[in-house]
Amino acid sequence: MTLNWIKASKQLNIKGLILLALAVFSFTQPVFSQEGIIDTALVIQGKELFKGNCAACHNAKKDMTGPKLEGVSAKWATEVGDFEGKSSEEWLYDWIRNWKTPVDAGVPYAVEMQNYDPSVMQTNLGLADEEIKAILYYVDNSEALNKQTVVVDNLDAEDPTSNINWLLGFLIVALLIAALALAKITKTLNRAAVSKSGVAETEGKPFFKSGFFKTLVTVIIAALVIYLLASQAISLGRQQGYQPMQPIKYSHALHAGEYAIDCKYCHTAAVEGKHSNIPSTNVCMNCHKMIQSGPKHGRKEIAKIYAAIGYNPLQGTYFDKENTSAKEVEEVFTKFIDQDKDNKEIKAATAQDYKNVIEMYDKPIEWVRIHNLPDHVYFNHAQHVNVGKVECQTCHGNIQDMEVVEQHSPLSMGWCINCHRNTEVDLGNEYYKDFDKLQKMKELHNSVTVEDIGGTECQKCHY
Amino acid sequence: MATDKKYWLGLEDKEGLVEDTSKEFELEHPVMSGLDNALTKKNSSRRDFLKVLGFSVSAAAIAASCEMPVRKSIPYTIKPEEIIPGVPNYYASAYIKGGDYNSVLVKTREGRPILLEGNRQSSISGGGVNPKVMGSLLSLYDANRIKEPRIAGKNADWNTVYSEVKSKLEATSNKIAVLTSTIISPSAKRAIKMFSEKYPTTEHVQFDAISYAGILDANQESFGKRTIPTYNFEAADLIVGLSADFLGSWLNPTAFSVAYGKRRKVDKLNRHIQIESIPTLSGSNADLRIPVKPSEEDLAVLRLHNLIAKKAGQATISDDSTFKNEKLETVANELWAAKGKSLVISGSNNKATQVIVNTINAMLANYGATIDMNTACYTKQGDDTKLNALLADMNAGNVGAVIVMDTNPVYFLADKFVNAAKKVALKVDLSERNNETTPMADYCCPNHHYLEAWNDAIPQDGIYATAQPTIAPLYNTRNALQSLMAFAGTEVDEYDFVKETCSQEIFANQNEYGSKDLLWTNTVHNGEVSFTKPEEEAVSFAMTGLSAASAEVMKASKVGGDVQVKFYENSKIGDGSLSDNPWVLELADPITRIAWDQYFVANPTWVKENGLIHNHKNKDYEVITVTIDGKEITLPVVALPGVPNGVLGVCYGFGRKNVSHNDLGRGTSIYPIAKTNVSVYPASWSHEGSKYKVAVMQQEHRLEHKGLGGEKTRLIVKETTLDEYKVNAAAGNLMNEGLGWTPRQKWVDKHMTSLYGEENPEREKSQEYGGAHLEQLTRGHHWGMAIDLNSCIGCGACVVACNVENNVPIVGQNEVRRAHDMNWLRIDKYHTGEEDNPKVVFQPLMCQHCDNAPCENVCPVAATNHSSEGLNQMTYNRCIGTRYCANNCPYKVRRFNWFDYQGADSWSADDEFILPILNNDFDGDQSFASDEHKLGLHDSMARMVLNPDVTVRGRGVIEKCSFCVQRIQLGKLEAKKGNKALADGDISTACQSVCPTNAISFGDTNNDETAVRKAWEDPRAYGVIEEIHTLPSVRYLVKVRNEKNGDYNA
């Protein structure tokens, strides 16, 4: 290790510096907390299968529509054991494919579990043994994979320049201190030498009173001030990292991440036109008419959707708004939220929570807009999402991991332009078939960027 | 040859009074001048400096420390299926008001109408939109709308209003009058009929503000049928208009413009002769305009009749021999030669005149050819006899109730109605906006705006049209049909009611659609459907009453007085029902190029002789007082070439009361003086020396005629005659070279050769992308426009459409006067020839998107530059307002935002403290008055009309035509989304989409297939002042006049 370090610093090898920084970083944090070696491939396979077949109702760590699944194999082993010549594992596989099989066979634990509230489990007749094995393996090792990906993400996200900057900064400071110390020493020695030689000591001007020094300091201060002013002024109105509180604690990590719902299922207009719309409440109801409780906040957040659209979750009907008193509405939602009271996993609703829900009754939901472009910028989602086939994450970041959405990109003009300079255009679109020059360019360079089709001209975005 | 002609913008220009364009920006920038004074004044001190410094620093600090506001994004609770946020929807609807009919496509964004475009499927209004109709869009968001039903001026609820009106109607035994404008809606007629069944004493009286009773009554006499026929301008080879401004105001101007435009294309050019006194749009477009005095207009009809009667071998009638005009003989000869293919129309409302016109058309065998008496046009049905009888009844106290619907009788009939109405116990008004009539109504039942309502129309036999709502009612209003039915005791739904009318009256008379629902859905979708009207007996012409008519005409033509005053309808204001609309008012009148103001037009010589010449520098016009029948009109007088000597003209429609802003009620109403069947009045006049600043734009933003060779060596407009064109398609397309005139093509061949000469194979190889220099210009898109000067009639629809599409601000009268108008597109009016009867060329001028643009080179911050698609781009957020570009633009099409006209700056429009500071300069006299800003789109309701795709420009930046770049980008995006190549017609500009005559084509000039490319290759095509090598992307097609030798010889 030490050898490596010397080698790296001698050659001023940037890669080496980064590796070093990462190595230090990685030693300070344990990567694997689990014992034993984990079959990552199996976990990943299991995760995919879990997402596709189970995630709508189950979670590894917590109870949802279905019970939490971590440790389910162990539990069946202890609860069921061998029963009527079949192992607990076989019975569990049967249960997963069709829960009726073990119930009909009279497996006691299965009979007990069939009454699990709130709903009846679906059948999964198509799952092979191997697949179920993978799912169960994932369920027991879900966290390990998470941890690993976190580290991998960190590797990706590491900004190499910042490490160099730190090191360079440290070096400069150290050198400066050394230089000052040396100067002082030299001066003292000189003075000593002079006084020894007996020549009268002439009182020199201290260095900070010299004209050169004054000028230097002024210039440095002025440059700093100008730099700070300019950078502050440029970033005025930019909101990178803006992460406001929303009226509903809606989690993209849950919807887009865990359940992998396509972005465009809700943000439909992004394909068609300028805006990527916030879905209208009726779109929420497509799923939430059935799913009445969330894993983290239970019913009190979903109740807000019902309030906004005027849905009575207790009866499964929409309120007759003209003939429903405010009191009735209040009673319905209080009763609905109170269903969570016995659930220890969920934080009890406060008085304010009840009030928030009831206040939203029969009103459109006022979300806080996160991505704000200045009025003089024209941006069209369809151009990017539909025509350019740009992934939503390119600009919005890993939305599927965000519990609360924040502005990922600076949304500055430089940021736009940089992307336009680097992004390739798909000339396969029939629209470009008569653009001989571009087609020829493509042949020669194998690359035509947005800039080449005029994507950095003023009036592509400002009109 | 065209080269001998001198073109002038106005009299000042003709007489060389106008200074050259170097003093374009006489005004200092208001803030700059203020600061300048504060800093450089002799007595300015350290304190002043500190004040300015302190202000700027603290302002910057405050602005910088402001927190970013929290913006909300509120989705629909239940999203309507057809709305996608950010994507416009278009709905076919129609403007049906006061007898006017215009089929339109309404562009809506998130449920708000923001633009009207022509409905090309309409067989009546084609793709045209009248400028007034375009303006009516703003009336939807007008602050002056009635927001609640009212009883005696106080807000009330609908049930109370309905039950009170109903009980009062039931209680009256007297006559109940339903007073309306011309009703072309079969649903409204059905409602009135059902109302009459409930109240048998009901009488329905229709009247038109500008009466057409003359034609109706004349047809009653000649044909036994009181209808207006349909005129086919497309079929007529020769049109003779006698004081009928059919392109601007007469009957159905938009429909007529569409048909007329089809015959102004050079391959089937018709001939148009206009005989008139006050210059109109029609007269300005005519191949031959014959000026006569107003009193002679009807005598000319008489003379024409006799000249043709002689040829037809019919009896002549007595004639005024003192009236001399040799031109009329030529007209008669031409008419006789075009027998069966000609059209004679008269704008007179004198029944006698119209009887004679009928006879002329009958002698020329035009009935059945260009005039269809069997297909009636319903847009004017007013009956003055019935109206007068009703007013007499009201005065006699025989009328128990008056219900006013879709008209404004206090304004149109003035005292006649006011006095009579005092004797009526119950007055109900169904207007949508506050007007002169609303204050005197006992009950106001506000109607929907037409864009909020279901309605229908039969504008002429065989065409049924529907109007659908494009926005939910903004206020607590109800369709007038519903109110009328509610008075009769039936609650109806407007949708069901109109649909029922369609099923009842149209379904049986058509066989295109098999079911009633199919018929309804398709009609609503397309806007119109044709049906066969029930068989009627064909009418035939009977020559009666001619001698009585001639006597009456001669009697009416004896007009004494110092001057003759003609009351006329101008093309943008019309009868005045929309004259409180800022968009309409800000549009420069095509003839006088004056916005906002009312004025007398007079002969230039007469003006000179009477010492009434205006001061062209500060636009001070002399104010005169004209007395007619003891009533005075005081207005400024404007010299207008083409007005006969001793004649004054003044238009209807001004002097509105009870409007939302003082500036919207300028001028004087002439309705109190006007008599329905008289248009010429003897008058005396006096001049007291007072002056008035008129908002005239004629001399502003002028192009320099002066080329290198000296005076007027540049042809800005080019024209030729049909005869010359037939010999040489490039006739008239000349350019000045070395003080001589050469054909443009020759000039192009000489000066526009490639720098690289002939294609060089060696060079070709060395080029990376295989292209020569010109390759750059021949790949990808290059946007261009072509304007056919032959088709453009100068109506101004494009100007208003441009303003609406591009959020161009309204600046108000005072600003227009100071040349601060913001129009991106203007229509220049050039004159040539005699001052008393000039020939006119209209030239729409917008940014020419020069490929070698002079403006781009001088911008210090590169705020204006060129795109790879040939657009001259203007970037507002980069502009610092030096105005160098505007100074260097030879076309004068760049506009500077002197003030915050639209409330675009960060300060709230309601901020009474900030706005006056922002909008006043430090000297005080060049301010933008604090209440003037309220005319613009500051009101949060009015701002709903803004186009969300276009930036609202702030103070201190230059703006100009962008070729509707937002539409270009949208068109390209749609093509890419659909994975297809861009086709001609996929992209249209706003001006193009409303043009009734299809004068504008727009598209990709690099594509051989496009209409614009073909127009560019036409030998008639030229670029304005292209001799200075600006390489403009707008090309004009030389105007070809169907002029005959001797037309304009004295």
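Residues numbered from 1 in each chain as written. Chains lettered and ligands numbered in written order. Predicted model: local features only at pLDDT ≥ 70, side-chain atom pairs only at ≥ 80, totals over all residues.

A. Examining the overall build of chain A more closely. On a plain count of helices and strands, chain A comes out with 22 helices and 3 strands. Restricting the contact set of chain A to residue pairs at least 6 apart, pairs at least 24 apart contribute 65%. (Helix = DSSP H or I, 4+ residues; strand = E, 2+ residues; numbered from the N terminus. Contact = placed C-beta atoms within 7 Å.)

B. Structural context of the domain arrangement of chain B. Residues and elements named next belong to chain B. Parsing chain B into structural domains produces domain 1 (2–21 + 703–1041), domain 2 (89–140), domain 3 (150–210 + 382–526), domain 4 (221–376) and domain 5 (560–693). Each partner contributes to the interface: domain 1 provides 17 residues, whereas domain 2 provides 15 residues. Residue assignment for the side of domain 1 that touches domain 2 shows that the elements contributing at least two residues are helix H26 (797–805) and helix H32 (990–994). If one sorts the elements of the side of domain 1 that touches domain 2 by residue count, H26 sits on top with 5 residues. For the side of domain 1 that touches domain 2, a count of residues per class yields 13 nonpolar, 3 polar and 1 charged. (Domains from an automatic or database assignment. Nonpolar A, V, L, I, M, F, W, Y, C, P; charged D, E, K, R; others polar.)

C. Here's a closer look at the nonpolar core. In terms of nonpolar packing, the biggest core is built from 289 residues, with Met134, Phe600, Val638 and Ala801 of chain B touching the most fellow members. When residues no more than four places from it in sequence are discounted, the contact partners of Met134 of chain B are Leu116, Val129, Trp583, Ala797, Val800, Ala801, Val804 and Val994 of chain B. Counting 21 residues, the second largest nonpolar core, distinct from the first, contains Phe50, Leu69, Leu92 and Val139 of chain A. (Core = buried A, V, L, I, M, F, W, Y, C linked by C-beta atoms within 7 Å. Buried ≥ 20, exposed ≤ 12 C-beta atoms within 10 Å, placed from the backbone.)

D. The arrangement of the domain arrangement of chain A in detail. Structurally, chain A comprises domain 1 (2–30), domain 2 (40–151), domain 3 (279–359) and domain 4 (412–463). For domain 3 of chain A versus domain 4 of chain A, the distance between C-alpha centres works out to 49 Å.

E. Expanded view of the sheet that holds strand E8 (residues 175–180) of chain B. With respect to topology, 7 strands assemble into an open sheet ordered E7-E6-E18-E17-E16-E8-E9 (chain B), the strand pairing being mixed. Each edge of the open sheet is held by one strand with a lone partner, namely strand E7 (154–155) and strand E9 (202–206) of chain B. (Pairing = 2+ DSSP bridges.)

F. Seen up close, the environment of Leu314 of chain A. Looking at the element boundaries, Leu314 of chain A is found in the loop between strand E1 (311–312) and strand E2 (317–318). Counting along the chain gives 140 residues from Leu314 of chain A to Gly454 of chain A, while the straight-line C-alpha distance between them is 57 Å.

G. Focus on the packing of helix H6 (residues 186–198) of chain B against helix H16 (residues 480–487) of chain B. Residue and element names in this part refer to chain B. Following both chains from N to C, one finds H6 and H16 inclined at 10 degrees, their axes separated by 9 Å at the closest point. The angle between H6 and H16 falls in the class roughly parallel. On the side of H6, the interface is formed by Ser187, Ala188, Ala191, Ile192, Met194 and Phe195, while H16 contributes Leu481, Leu484, Met485 and Phe487. Looking at side-chain class alone, the contact of H6 with H16 contains 9 nonpolar, 1 polar and no charged residues. (Axes fitted to C-alpha atoms, helices over the stretch in contact; angles between N-to-C directions. Parallel < 35°, antiparallel > 145°, perpendicular 65-115°, else oblique.)

H. Geometry of the confidence of the model for chain A. Residue and element names in this part refer to chain A. In this model, chain A carries an average pLDDT of 80, and 85% of its residues clear a pLDDT of 70 or more. Mean pLDDT per element in chain A: helix H1 (residues 2–11) is the minimum at 39, and strand E3 (residues 367–368) is the maximum at 94. The low-confidence segment residues 1–35, where pLDDT is below 50, has 23 contacts with residues more than four positions distant or belonging to other chains. Scored below 50 in pLDDT, residues 148–160 makes 6 contacts in the model with residues more than four places away or belonging to other chains. (pLDDT = per-residue confidence, 0-100.)

I. Summary view of the pairing of strand E26 (residues 647–651) of chain B. Residues and elements named next belong to chain B. For E26, the buried fraction is high: 5 of the 5 residues fall into the buried class. Where burial is concerned, the two faces of E26 agree: the one with Val647, Gly649 and Cys651 and the one with Leu648 and Val650 are both buried. Inspection of the sheet shows strand E22 (residues 563–568) paired to E26 by 5 bridges, in the parallel sense. The residue of E26 that forms the bridge with Gln564 is Val647. The pairing of strand E23 (residues 600–602) with E26 spans 3 bridges and is antiparallel. Pairing of Phe600 across the sheet is with Val650, part of E26.

J. Representation of the environment of Asn190 of chain A. Residues and elements named next belong to chain A. Its place among the elements puts Asn190 in helix H10 (residues 160–197). The class of Asn190 is exposed, set by 10 C-beta atoms lying within 10 Å. Remark: the alpha-carbon pair of Asn190 and Leu427, spanning 237 residues in sequence, is separated by 75 Å.

K. Up close: unusual backbone geometry. All names here are of chain B. Even without a glycine there, the phi angle at Asn807 is positive, about 55 degrees. Of note, Asn807 is situated in the loop between H26 and helix H27 (813–817). Backbone geometry places Asn998, a non-glycine residue, at a positive phi of 55 degrees. By secondary structure assignment, the location of Asn998 is in the loop between H32 and strand E38 (1000–1004).

L. Inspection of the sheet that holds E38 of chain B at higher detail. All names here are of chain B. The 4 strands are arranged E38-E31-E40-E39 in an open sheet whose pairing can be described as mixed. Each of the sheet's edge strands pairs with one partner strand only, and the pair in question is E38 and strand E39 (1021–1022). The pairing of strand E31 (residues 783–788) with E38 spans 5 bridges and is classified as antiparallel. The residue bridging Ala786 from the neighbouring strand is Ser1001, located in E38.

M. Just helix H11 (residues 211–234) of chain A, in detail. Taking 1.5 Å per residue, 24 residues should reach 34 Å; H11 of chain A reaches 34 Å between its end C-alpha atoms and fits that length. The element H11 of chain A is largely exposed, with a buried count of 0 among its 24 residues. (Expected span 1.5 Å × (residues − 1).)

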